[in-house]
Amino acid sequence: MRRQIAASLGVLALLTVLAGLAYPLLTTAVAQTAFRARAEGSLVRRGGRVVGSSLLAQPFSSPRYFHPRPSAAGDGYDATASGASNLGPTNPKLAAQVAERARAYRAENGLAPGTAVPVDAVTTSASGLDPGISVANARLQARRVAAARGLPVARVLQLVRAHTTGRPFGILGEEAVDVLDLNLALDAMR
Amino acid sequence: MSAAAWWQLLVLVALIGASTPLLGRYLARVFGDSGAPGDRVFGPVERLVYRAGGIDPASEQPWPVYARALLAFSAVSVVVLYGLFRLQGVLPFNPTGVAGQRPALSFNSAVSFVTNTNWQNYAGESGASQLVQMTGLAVQNFLSAAVGLAVAVALIRGLVRRRSATIGNFWVDLVRAVTRVLLPLAFVAALVFASQGVVQNLHGFRPVRTVEGTTQQIPGGPVASQEAIKELGTNGGGFYNANSAHPFENPNPITNLLQLWLILSIPFALTFTFGRMADDRRQGWVVFAAMFVLWAGSSVLAMQLESGANPKLTPAGVSQAASSSQPAGSMEGKEVRFGPATSGLYAATTTGTSNGAVIAAHDSFSPAGGAVPLANMMLGEVSPGGVGAGLYGMLVFALLAVFIAGLMVGRTPELLGKKIQGAEMKLVVLYILAVPVAVLGLAGTSILLHSATSSIANPGPHGLSEVVYAFTSAGNNNGSAFAGLSGNTDWYGTTLAVAMLIGRYLLIVPVLAIAGSLARKQPAPATAGTLPTGTPLFGGLLVGVVLIVVGLTYFPVLALGPIVEQLGR
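These numbers come from a predicted model, not from an experiment.

We now examine the overall build of chain B. For chain B, the helix and strand inventory stands at 18 helices and 5 strands. The C-alpha atoms of chain B give a radius of gyration of 23 Å, which matches the 25 Å a tight globule of 569 residues would have. Taking the principal axes of the C-alpha coordinates as reference, chain B spans close to 75 × 55 × 45 Å. Across the 569 residues of chain B, 65% fall into the buried class. Taking as baseline every contact in chain B between residues at least 6 positions apart, the subset at least 24 positions apart corresponds to 77%. With 31 positive and 23 negative side-chain charges, chain B shows a spacing of 10 Å between the two charge centroids.

What follows is the structure, encoded as structure tokens:
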């Protein structure tokens, strides 16, 4: 057994150098050279200043902006504590939260009571940092954003379409509206 | 479920169909007796490793030595990783300022990564330093997968060798799995991930002022390199707490498809390796088909179930029906870019293998939808199972299937001409019973302890499901969770680690013993009374054995958890 332990230590040490240092550091070097912006976190700037990552949701509450999905990461959109609510499907707390959020969503967007609210708008995501919302959700918010900015609704809807990422190859995953990119595009409009 | 979701499944099936023979043939050469491609490149590196371990790569080991080497290597790995977790606060390369983990948590985390479970009682952002992520967790992601591959190859040798006292050399199998299979594939996959937005840097958190003026901490880390081996090695431990749901781990549906393929690639390819090493391709394809039927069936089931609405949300006036502007299904705990159907596919894939990475919160799945990943794990993860572990698991079931068939017709059961006798069957029974006994025993005990039930997050039968899911996941070395359960207590930390150890080594040692016992035998020539095992009939028998023997063990607890929740909602 002693021989096996000695062999274990030697093999573990060498394979740690190989798989634990050489591999991640070489990957870092190549990725930083070839795909620097992506490897650094797809950061987006406004006026030269970094304002976030286009891949991570950040809080928006002003009526002038599209709002991301509710977040269970920390106190909301906390990228140091990603995660889901983990509420079970039959947990009364989930139904109560969703009902409350649906009421608030209708009030905020000037929708008649009883208007069907897209489910993604009133549920928390798996990461708490979901950068996307459904097209249905964006369309319902467009009227509010247009009114707050004094823009024609059609113009805002056009922008929503421009910032909708379709299914890759037409079949993978689902389409999503990129909230931060869309909001920055709104601000950039003159 | 939309047409696109079906097409996505078909594309994944096509990728697996294409990679299985290619990768399977390559694996057969890497672990075969003659030379392999790339000897000149890999040879010098491997010789360096052998020299460091004082190993003679030309010598072969009988099964007890093979097993001792494996156990020694695993024990040393646990001790080293435990030390890294305890000391990470004072070790370098810690830009996020993570403190050392407590003893019970360190033990759980170390056992978890060495056993290829990758259950995480800590959150990646705050619980592991970048030094530990790279030199501890990524390394064990490679090594635990390599150990699984080694055991699978040893069992194949046991089945195909004649009158042999040895089943290979553990060190050679381990090292070659890392250098020739896992490292090259992971490197390519890591670069694809990085090109798509998976981060790969050495930063800690970087504060930014958001558009509305709040502060957000943007995380960093060598994530792409970790992500690649996390999926390829069917490990599943996330760099971040949200795992593959985190946009920095899995930014879009393309990286998601690559993850699905990486998870499935080696486990399915090994069936071809088996057929090739046994010089009986049909035998390999029968095992492939049995795994495929279980995986595809559970995938379609989970995709369909998750595309259904949650009736509890209907009274709030929430729309969960498909339209041109949103997919069908509940979105609690799911990401918009993946949607419900893809989340179901990933859940079935990650639990049919021993992966355990998630793109959605399984705890928030519909009761029936959440039962799919649970049942997949309960079946012993053979659809197609973990790297190596899936194949040796399915071959053990094949031994059981020929035994049951042999009882029915009154003949000595055989597989590839090797007679299956009392010694092997005792080991098969040990393999099959060890995990259910540990899982049900520990889950049952937890339900009786107030200190353990207070960790439950959701009321009613769903709470029972959370506890059962945790032990099923640990015992089958999966690592996914109904994550509402607060597992970071001394009770769960310790008992889940025990379940992981049982689920790993109480299965590997019998498998190696079976390999050793079969290797010594001389195959008997096939006669008219031999049950042919390279046929669709045997494939069906194999699927039946998996579903009936293992599935029925867990049926009562499934009835008390997800089934009653589904019926009562």
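So much for the structure itself; the text now carries on.
If you trace the backbone, Ser343(B) turns up in helix H11 (residues 339–352). Sequence-distant contacts of Ser343(B), defined by excluding residues within four places in its chain, comprise Lys334(B), Phe338(B), Ile359(B), Ala360(B) and Phe365(B).

This part covers the side chain of Glu227(B). Relative to the helices and strands, Glu227(B) is located in helix H8 (residues 223–232). Contact partners of Glu227(B), with chain neighbours within four places excluded, come to Phe193(B), Ser244(B), Glu249(B) and Gln259(B).

The next point concerns the pairing of strand E2 (residues 215–218) of chain B. Residue and element names in this part refer to chain B. Residues of E2 alternate between two faces, with Gln216 and Ile218 buried on one and Thr215 and Gln217 left unburied on the opposite face. As judged from the 4 bridges shared by strand E1 (residues 206–209) and E2, these two strands associate in the antiparallel manner. Across the sheet, residue Val208 finds its bridge partner in E2, namely Gln216. Once E1 ends, the chain turns through 5 residues before running back antiparallel as E2, passing Gly213 with a positive phi of about 95 degrees.

All names here are of chain B. Under the counting rule described, the total for this entry stands at 17 aromatic pairs over all chains. With a centroid separation of 6.0 Å and an interplanar angle of 40 degrees, the aromatic rings of Phe471 and Tyr492 are classed as tilted. Taken together, the positions of Phe471 in helix H16 (residues 461–475) and Tyr492 in helix H17 (residues 490–519) put the pair 21 residues apart, joining distant regions of the chain. Tyr492 shares its class with Phe471; the two are buried. Through a chain of ring-to-ring contacts, three or more aromatic side chains come together here, namely Phe268, Phe272, Trp285, Phe288, Phe292 and Trp295.

What follows is about a positive patch on the surface. Residues and elements named next belong to chain B. On the surface, a cluster of positive charge is made up of Arg25, Arg29, Arg276 and Arg281. As for its position among the elements, Arg25 is in helix H1 (residues 3–30). The exposure class of Arg25 is partly exposed, given its relative accessible area of 33%.

Residue and element names in this part refer to chain A. Read from one edge of the open sheet, 3 strands run E4-E6-E5, paired in antiparallel fashion. Looking along the sheet, the strands with just one partner apiece sit at the ends: strand E4 (132–133) and strand E5 (164–165). Here E5 runs beside strand E6 (residues 176–178); their pairing, made up of 2 bridges, is antiparallel. Bridged to Thr164 within E6 is Val177. Lying over the sheet, helix H6 (residues 179–188) contacts E4 and E6, oriented at roughly 50 degrees with respect to E6.

We note that the domain assignment places domain 1 (1–40) and domain 2 (43–188) within chain A. A straight line from the C-alpha centre of domain 1 of chain A to that of domain 2 of chain A covers 39 Å.

This paragraph deals with the environment of Ile266(B). Residue and element names in this part refer to chain B. Relative to the assigned elements, Ile266 resides in helix H9 (residues 253–277). The spatial distance from the C-alpha of Ile266 to the C-alpha of Gly24 is 7.7 Å, given a sequence separation of 242 residues. Each residue touching Ile266, except ones within four places of it in the same chain, is listed here: Leu23, Leu27, Leu149, Val181, Leu182, Leu232 and Val387.

Quick look at the interface of chain A and chain B now. Opposite the 105 residues of chain A that make contact, chain B presents 112 residues. Taking both partners together, chain A and chain B bury about 8,300 Å²; carbon and sulfur atoms supply 67% of that area. It is Tyr23(A), Pro89(A) and Glu174(A) that lose the most area in chain A upon contact with chain B, and together they represent 9% of the buried surface on that side. Among the ionic pairs, Glu40(A) bridges to Arg206(B), the shortest N-O distance being 3.2 Å. Taken together, the connections running from chain A to chain B amount to 44 residue pairs in polar contact (both at pLDDT 80 or more).

Before going further, it helps to examine the nonpolar core. Judged by nonpolar contacts, the single largest core of 183 residues is most densely connected at Phe170(B), Ile266(B) and Met394(B). The element that contributes the greatest number of residues to this core is helix H6 (residues 130–160) of chain B, accounting for 18 residues. Filtering out sequence-adjacent residues up to four positions away, Phe170(B) remains in contact with Gln61(B), Tyr66(B), Ala69(B), Leu70(B), Phe73(B), Val147(B) and Ala150(B). Of all hydrophobic cores here, the second largest spans 23 residues; its members include Val51(A), Val135(A), Ala138(A) and Ala146(A).

Here the focus is the environment of Val402(B). Residues and elements named next belong to chain B. Along the polypeptide, Val402 turns up in helix H13 (residues 389–409). The exposure class of Val402 is buried, given its relative accessible area of 2%. For the pair Val402 and Pro532, spaced 130 residues apart in sequence, the C-alpha to C-alpha distance is 9.5 Å. Those residues in contact with Val402, other than ones at most four positions away along the chain, are Pro413, Glu414, Leu415, Ile420, Leu531, Thr533 and Phe538.

Before going further, it helps to examine a nonpolar patch on the surface. Residues and elements named next belong to chain B. Together, Leu547, Ile548, Leu552, Phe555, Ile563 and Leu567 line one region of the surface with nonpolar side chains, adding up to about 620 Å² of accessible area. Topologically, Phe555 is positioned in helix H18 (residues 536–568). Here Phe555 falls in the partly exposed class, since its relative accessible area comes to 45%.

On the secondary structure map, Ser8(A) appears in helix H1 (residues 2–34). Those residues within four positions of Ser8(A) in sequence are excluded, and the remaining contacts are Ala69(B), Ala72(B), Phe73(B), Val76(B) and Trp171(B).

Before going further, it helps to spend a moment on the packing of H6(B) against helix H7 (residues 170–196) of chain B. Residues and elements named next belong to chain B. Running from amino to carboxyl end, H6 crosses H7 at an angle of 125 degrees, the nearest separation of the two axes being 8 Å. Compared by their axis directions, H6 and H7 come out oblique. Remark: the crossing between H6 and H7 carries right-handed chirality. The residues of H7 that touch H6, namely those facing Phe142, Leu143, Ala145, Ala146, Val147, Leu149, Ala150 and Arg157, are Phe170, Asp173, Leu174, Ala177, Val178, Leu182, Leu183 and Ala186. In terms of residue class, the contact of H6 with H7 is made up of 14 nonpolar, no polar and 2 charged.

About the cut-offs
Residues numbered from 1 in each chain as written. Chains lettered and ligands numbered in written order. Predicted model: local features only at pLDDT ≥ 70, side-chain atom pairs only at ≥ 80, totals over all residues. Heavy atoms only, no water. Helix = DSSP H or I, 4+ residues; strand = E, 2+ residues; numbered from the N terminus. Rg over C-alpha atoms; globule rule 2.2 N^0.38 Å. Buried < 20%, exposed > 50% of the residue type's maximum accessible area, 1.4 Å probe, protein only. Contact = heavy atoms within 4.5 Å. Lys, Arg positive; Asp, Glu negative; His and termini not counted. Charge placed at Lys NZ, Arg CZ, Asp CG, Glu CD. Pairing = 2+ DSSP bridges. Phe/Tyr/Trp six-rings, centres within 6.5 Å; stacked < 30°, edge-to-face > 60°. Patch = residues over 30% accessible without salt bridge, like charges linked within 9 Å, V, L, I, M, F, W, Y side chains within 5 Å. Areas by Shrake-Rupley, 256 points an atom, 1.4 Å probe, with all protein chains shown as cover. Salt bridge = Lys/Arg side-chain N within 4 Å of Asp/Glu carboxyl O. Axes fitted to C-alpha atoms, helices over the stretch in contact; angles between N-to-C directions. Domains from an automatic or database assignment. Buried area = accessible area lost by both parts, 1.4 Å probe. Polar contact = N/O pair within 3.5 Å; in protein donor to acceptor, adjacent residues only side chain to side chain. Core = buried A, V, L, I, M, F, W, Y, C linked by side-chain atoms within 4.5 Å. Parallel < 35°, antiparallel > 145°, perpendicular 65-115°, else oblique. Left-handed = near helix turned anticlockwise from the far one by under 90°. Nonpolar A, V, L, I, M, F, W, Y, C, P; charged D, E, K, R; others polar.

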